[in-house]
Amino acid sequence: MNKLCFAASPVVALAAVTFALGCGREAGPRAERSRPSAAAAAAASVTAEPVASAAPPAPSVAEEPTAEPVGPRAEPSLTRVTAEQLLQQVRASGSKATLVNAWASWCGPCRRELPMLQALAANLKPQGVEVVLVSVDEEKDESKAVSYLHDNHISLRSYLVSGSLQDFKRGINPRWPGMLPASFLFDGAARLVHFWGGEAFENELAPVVEAFLAGKPIEAETRYGLAPGKLE
C-alpha cells in the first residue's frame, strides 16, 4: 500500500498552501593520493682540456616533492536546474524516454524509493531509458541530499531544484499538486507521457515504461495521493 505524508515546505510559507511536500550513501572517504618524489641524481662530469684545469663536478640535484593541498576536500554538489533546464537535458540526452523522480532528503517514502530506482535504472538502460533524480531540498540542505546519495550508493544523474519550487512544479507538470515522491516519464522530445503522484513500486513503474516503449496507449497519470483507500 502506498503511503504519503505531507509537510509544508520550510522555504516559503505562502507556498505551503499550494505546494505540499511529502515526507523522506557518501561513500567512504576518498583514498588520499600521494605523488612519490622522483629523485634523479645526475652527476655531470666535465673532461679537462689538455692545457686548462678540469672543472669541478656539478652537484646532484633532487626534485622537490609536490605538496598535497592542505585542508578539507570540497563536498560533491548537485547541479542546479530549473524546470526548463531539466527538460533541455532530457531532450539532449538522446534517450528514448527519461524517468524523472522528485525527492527530498527529509522524505521517508522518497528514501525508500531510491534504491529501487537505482536497480530499475540498470534494467531500463539497455532499452534506452534513463532514470534521473531531482532533489527539492533547500540549498542549505544540499549536503544532506548528497550524503544520502553517496552513503546509499545511488549513482543516478542527480540535480537540485534552482529557484522557486512553484515554478519548477508548474514547468514539470501543472497537474502535480506537490506531493513527494513524484515520478514523471518523458519521451525523447521531453513531452510528459505519464505522472506518478506518490510513492511507486517497480511493478507500478516498469509496466508503464514498457508499454510506452512498445507503442501502446497508456493513462496520463497515477495519483496515489488522491486514490480512495490510500493512507496519507
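Up top is the structure.
Residues numbered from 1 in each chain as written. Predicted model: local features only at pLDDT ≥ 70, side-chain atom pairs only at ≥ 80, totals over all residues. Heavy atoms only, no water.

**Student:** An account of the state of the cysteines is needed here, citing residue identities and associated values.
**Tutor:** Within the structure shown, the criterion is met by one disulfide. Disulfide pairing is shown between Cys 107 and Cys 110; the S-S distance is 2.2 Å. Handedness of the Cys 107-Cys 110 disulfide follows from its S-S torsion of about 75 degrees: it is right-handed. In this structure, Cys 107 and Cys 110 share a single accessibility class: buried. (Disulfide = S-S within 2.5 Å. Buried < 20%, exposed > 50% of the residue type's maximum accessible area, 1.4 Å probe, protein only.)

**Student:** Give a description of the environment of Ala 145 that names residues and reports values.
**Tutor:** In this fold, Ala 145 is placed in helix 3 (residues 142–151). Judged by relative accessible area, Ala 145 falls into the buried class, the value being 0%. For the pair Ala 145 and Ala 104, spaced 41 residues apart in sequence, the C-alpha to C-alpha distance is 7.0 Å. Setting aside anything within four residues of it in sequence, one finds Ala 145 in contact with Leu 78, Trp 103, Ser 105, Ser 135 and Asp 137. (Helix = DSSP H or I, 4+ residues; strand = E, 2+ residues; numbered from the N terminus. Contact = heavy atoms within 4.5 Å.)

**Student:** Please provide a residue-by-residue account of the sheet that holds strand 9 (residues 221–223), values included.
**Tutor:** Across the sheet, which stays open at both edges, the seven strands sit in the order 3-6-5-4-7-8-9 with mixed pairing between neighbours. In this open sheet, the two edge strands, each paired with only one partner strand, are strand 3 (79–81) and strand 9. Shown here is a sheet whose adjacent strand axes are inclined to one another by a mean of 25 degrees, direction ignored. Across five bridges, strand 7 (residues 182–187) lies against strand 8 (residues 192–197) in antiparallel orientation. Counterpart to Ser 183 in the pairing with strand 8 is Trp 196. Running over the sheet, helix 1 (residues 83–92) touches strand 3, strand 4 (97–103), strand 5 (129–135), strand 6 (157–161) and strand 7 and is turned about 110 degrees from strand 3. Contacting strand 4, strand 5 and strand 7, helix 2 (residues 108–124) runs over the sheet at an angle of about 165 degrees to strand 4. (Pairing = 2+ DSSP bridges. Axes fitted to C-alpha atoms, helices over the stretch in contact; angles between N-to-C directions.)

**Student:** Could you give me a rundown of the pattern of salt bridges, with the residues and numbers involved?
**Tutor:** Under the counting rule described, the total for this entry stands at eleven salt bridges. The salt bridge partner of Glu 139 is Arg 80, with a shortest N-O separation of 3.5 Å. Placement of the pair is Glu 139 in the loop between strand 5 and helix 3 and Arg 80 in strand 3, with a sequence separation of 59 residues. In this structure, Asp 167 and Arg 170 form a salt bridge, with 2.5 Å as the shortest nitrogen-oxygen distance. Taken together, the positions of Asp 167 and Arg 170, both in helix 4 (residues 165–172) and three residues apart, correspond to about one turn of that helix. Members of the salt-bridge network, linked through shared partners, are Glu 138, Lys 140, Asp 141 and Lys 144. (Salt bridge = Lys/Arg side-chain N within 4 Å of Asp/Glu carboxyl O.)

**Student:** Give me the lowdown on the nonpolar core, citing residues and values where you can.
**Tutor:** With 55 residues, the main nonpolar core has Leu 86, Leu 117, Trp 176 and Phe 184 as its most contacted residues. With seven residues, helix 2 is the single largest residue contributor to this core. (Core = buried A, V, L, I, M, F, W, Y, C linked by side-chain atoms within 4.5 Å.)

**Student:** Outline unusual backbone geometry, supporting the account with residue identities and numerical values.
**Tutor:** Cis geometry is adopted by the peptide bond preceding Pro 181, which originates at Leu 180 and carries an omega value of -5 degrees. Within the fold, Pro 181 resides in the loop between helix 4 and strand 7. One non-glycine residue, Ala 190, adopts positive backbone phi at about 65 degrees. Along the polypeptide, Ala 190 turns up in the loop between strand 7 and strand 8. The exposure class of Ala 190 is buried, given its relative accessible area of 10%.

**Student:** Residues and numbers for the environment of Ser 135, please.
**Tutor:** Mapping Ser 135 onto the fold places it in strand 5. Residues Ser 135 and Leu 78 lie 57 residues apart in sequence; the distance between their C-alpha atoms is 8.7 Å. For Ser 135, the residues in contact, after removing those within four places along its chain, are Leu 78, Trp 103, Ala 145, Tyr 159, Leu 160 and Val 161. A distance of 2.7 Å separates a polar atom in the side chain of Ser 135 from a polar atom in the side chain of Asp 137. (Polar contact = N/O pair within 3.5 Å; in protein donor to acceptor, adjacent residues only side chain to side chain.)

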